[in-house]
Amino acid sequence: MIAVTGVRAGSCRYDAIVGPRLLETVGSRIAEKLPGTHGAIISDTNVAPLFANRVKRSLTLADLKPTLITIPAGEKGKTLKQAGAICEQMLAAGLDRQSFVIGLGGGVIGDLSGFVAAIYHRGIPHVQIPTTLLAMVDSSIGGKTAVNTADGKNLIGAVHQPSLVIDDIDVLKTLPRREFNQGFAEVIKHAIIADAKMFRQLQSWEARSAWRPFAQQQLVLRNIKIKSKIIAKDEYDRTGKRAVFNFGHTVGHAIERAGKYRKFLHGEALSLGIVAACTVSSREAGLSPRQHDAVIDLLQRFDLPTKLPARFPRERIFDALKFDKKFESGEIRFVVTPKIGRAHVTRKVTMEDIREAVDEL
Ligand SMILES: NC(=O)c1ccc[n+]([C@@H]2O[C@H](COP(=O)([O-])OP(=O)(O)OC[C@H]3O[C@@H](n4cnc5c(N)ncnc54)[C@H](O)[C@@H]3O)[C@@H](O)[C@H]2O)c1
Ligand SMILES: [Zn+2]
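Rules of the game
- The numbers attached to residues start from 1 for each chain and follow its sequence in the written order.
- Labels are handed out in written order, letters beginning with A for the chains and numbers beginning with 1 for the ligands.
- For this predicted model, a pLDDT threshold of at least 70 governs which residues receive local features, and a threshold of 80 or more governs which side-chain atom pairs are given and counted, while totals over whole chains, interfaces and linings are taken from all residues.
- The basis for every side-chain value is the complete set of heavy atoms in the structure, and neither hydrogens nor water enter the calculation.
- Relative accessibility thresholds used throughout: buried, under 20% of the residue-type maximum; exposed, over 50%; partly exposed, between the two (1.4 Å probe, protein chains only).
- Numbering of helices and strands runs from the N terminus; a helix is a DSSP stretch of H or I covering at least four residues, while a strand is a stretch of E covering at least two.
- Two strands pair under a simple rule: DSSP has to find at least two bridges between them.
- Each metal's donors are the N, O and S atoms within 2.8 Å of it, or within 3.2 Å when it is Na, K or Ca, and because water is not part of the set, sites may look incomplete.
- Cavities and pockets are defined on a 1 Å grid built over the protein atoms alone: a cavity is a set of grid points where a 1.4 Å probe fits but cannot escape, while a pocket is an open set with protein on both sides within 12 Å along at least five of seven lines, and lining residues are those with an atom within 4 Å of any such point.
- Grid points are joined across faces, edges and corners, and a volume is the space filled by probe spheres set on the points.
- Any residue outside Ala, Val, Leu, Ile, Met, Phe, Trp, Tyr, Cys, Pro, Asp, Glu, Lys and Arg is labelled polar, Gly included; the first ten of those are nonpolar and the last four are charged.
- If the strands point away from the viewer and the path from the first strand over the helix to the second runs clockwise, then the crossover is right-handed.
- What counts as a salt bridge is simple: a side-chain nitrogen of Lys or Arg found within 4 Å of a carboxyl oxygen of Asp or Glu.
- Helix axes use the C-alpha atoms of the stretch in contact, all axes being lines fitted to C-alpha atoms, and the angles between their N-to-C directions lie in the range 0 to 180 degrees.
- Working rule for contacts: check all heavy atoms of both residues, and any pair within 4.5 Å makes them a contact.

Before going further, it helps to spend a moment on the pairing of strand β2 (residues 12-19). Walk down a regular strand and you will see the side chains alternate between the two sheet faces. Judged by how many residues are buried, β2 sits mostly within the fold: 6 of 8 residues are covered. Between strand β1 (residues 3-9) and the antiparallel strand that follows it, β2, lie 2 residues; Gly10 among them carries a positive phi value of about 55 degrees. Bridge analysis of β2 against strand β9 (residues 164-168) gives 5 bridges, and the strand direction is parallel. Looking at the pairing, Gly19 lines up with Asp168 of β9.

To continue, consider the coordination of the zinc ion (ligand 2). Geometrically, a metal with four donors at the corners of a regular tetrahedron has ideal angles of 109.5 degrees, and one with six donors at the corners of a regular octahedron has ideal angles of 90 or 180 degrees. Looking at the zinc ion (ligand 2), one finds its protein donor set to be Glu186 (OE), His249 (NE2) and His266 (NE2), positioned 2.0 to 2.1 Å from the metal centre. Of note, the donors binding the zinc ion (ligand 2) are all from one chain and are spaced E-x62-H-x16-H. One end of the pair, His249, is in helix α9 (residues 249-258); the other, His266, is in helix α10 (residues 266-284), and 17 residues separate them in sequence. As far as the burial class goes, His249 and His266 line up, both buried.

Another aspect to go through is unusual backbone geometry. Although it is not a glycine, Arg21 adopts a positive phi angle of roughly 50 degrees. Positive phi, close to 55 degrees, is recorded for Asn154, a residue that is not glycine. Here Asn154 shows up in strand β8 (residues 152-159). In this structure Asn154 comes out as partly exposed when scored by relative accessible area, which is 38%.

On to the layout of surface pockets. The calculated volume of the second largest pocket comes to roughly 290 Å³. Along the wall of the second largest pocket there are 14 residues; nearest its centre are Ile193, Ala194, Ile226, Lys229 and Ile230. Contributions of two or more residues to the lining of the second largest pocket are made by α6 (177-194) and α8 (213-231). Sort the elements by how many residues they give to the lining of the second largest pocket and α8 lands first, with 5 residues. Taken together, the residues of the lining of the second largest pocket sort by class into 6 nonpolar, 2 polar and 6 charged.

So, on to empty space enclosed by the protein. Following the criterion strictly, the structure yields 1 cavity of 30 Å³ or more and no others. Within this model, the largest cavity holds a volume of roughly 30 Å³. Lining the largest cavity are Asn246, Phe247, Gly248, His249, Thr250, Val251, Gly273, Ala277, Phe334 and Val335. Breaking the lining of the largest cavity down by element, the ones donating at least two residues are α9, α10 and β10 (334-339). Counting residues per element, the lining of the largest cavity draws most heavily on α9, which supplies 3 residues. Residue composition of the lining of the largest cavity, by class: 5 nonpolar, 5 polar and no charged.

Judged from the 7 bridges that link them, strand β3 (residues 38-44) and strand β4 (residues 65-71) form a sheet pairing that is parallel. Across the sheet, the residue bridging to Ile41 is Leu68, located in β4. Regarding topology, helix α2 (residues 48-61) serves as the crossover connection from β3 to the parallel β4, and that connection is right-handed.

Attention now goes to the pattern of salt bridges. Scanning the entire structure with this criterion turns up 16 salt bridges. One salt bridge connects Arg222 with Asp195, and the closest N-O pair in it is separated by 2.9 Å. Here Arg222, found in helix α8, pairs with Asp195, found in the loop between α6 and α7 (196-203); they are 27 residues apart in sequence, far enough to count as distant. Here Asp195 falls in the buried class, since its relative accessible area comes to 11%. Sharing partners across several salt bridges, the network here consists of Glu75, Lys78, Asp111, Lys153 and Glu256.

Moving on, we get to the sheet that holds β9. Within a sheet, adjacent strands bond to each other through the backbone by hydrogen bonds, running parallel or antiparallel. If you trace the 7 strands from one edge of the open sheet to the other, you get β1-β2-β9-β6-β5-β3-β4, paired in mixed fashion. Every interior strand has two partners, whereas the edge strands, β1 and β4, have only one. On average, adjacent strands in this sheet sit at an angle of 20 degrees to one another, irrespective of strand direction. On the sheet, helix α4 (residues 107-119) packs against β3, β4, β5 (100-105) and β6 (126-130) and is oriented at approximately 170 degrees with respect to β5.

Put into structure tokens, the structure is as follows:
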């Protein structure tokens with residue numbers, strides 16, 4: 001069964017369609033929605049061989065013209081240089097202001113293709129076809145697009161909402177287990193900041209539940225709703241409402257950086273960051289020890305790390321924290337949870353509080 005949910009962000013509204021066997025319907029859905037006929041499909045070297053032909057065929061059957069652009073898989077492809085090269089290929093292929101961009105892949109492709117759509121001819125429509133759990137529940141919603149630079153992740157980008165999001169649950173079957181599990185770090189983060197009921201449901205999931213298509217569809221829908229509800233109130237991340245999505249990310253990003261982006265996947269570093277944020281929350285926001293432990297239990301159920309490896313160079317985490325621009329002015333905006341299902345930004349947390357929480361990891 002196919003489900004549709006509307007996402008609102010500022011003056012835009014777009015549909016996220018979630019269900020099985022959707023890749024075959026991409027062409028007709030785009031033809032219905034967008035005026036242009038020529039579209040670039042941007043994908044990576046892992047995803048394109050699996051799914052690009054189906055998307056291309058579906059576009060052709062709907063009288064649309066696809067141009068496939070494949071880039072090397074992985075975070076290293078998310079650069080300004082790559083975005084420029086893609087734009088050049090699109091110009092050479094004759095895509096114009098009426099054309100559109102499809103991002104077919106995980107969060108890397110979603111962010112990069114969205115950035116290309118935001119700057120090509122000063123902005124053309126973007127269709128998100130996320131193929132990882134992380135991208136379905138998080139990065140494909142909300143319009144944040146970006147590329148990385150040598151100085152750090154996502155430092156250059158634009159807010160450019162997609163025109164359509166198509167989540168074909170079947171594509172998750174080929175996702176490696178570790179990649180699948182890391183998506184649950186963002187799901188658990190959503191539960192902690194905004195949905196105590198989803199937290200309890202995940203606690204009662206059996207090991208097999210995560211692999212059931214219906215459960216996946218419901219999970220993706222629910223997470224899209226959580227994200228869109230908050231984004232509707234703060235599309236540009238200016239009022240502090242959208243900032244709650246950074247829960248666990250202050251320490252998570254520092255761990256990711258300390259591991260040179262190789263040791264941990266984003267969701268794994270986030271899992272550790274969530275544990276640290278819960279420890280800080282216990283001290284600064286009154287999170288109960290029972291709920292603190294429940295978060296650790298839940299992360300472990302999805303094989304996510306909750307302790308740093310013994311020989312991990314912790315000092316590098318603190319260096320990375322200091323590098324974080326948020327800390328330079330001496331004011332830290334840290335997201336805490338007083339109770340599962342709620343979160344807020346506070347300026348009360350000090351570097352020392354964070355250091356203590358990291359020391360306990
Ligand atoms: N824009 C946002 O709001 C936002 C939010 C969270 C994360 N992000 C970004 O998302 C990125 C991480 O996304 P990700 O974890 O999806 O990484 P990713 O895009 O690198 O995908 C992970 C790996 O899985 C492969 N893959 C993807 N789908 C597959 C499938 N169905 N079958 C087999 N292999 C598949 C990819 O080729 C890649 O090797 C980061 O760059 C992060 O900054 C953005
Ligand atoms: Zn994240």
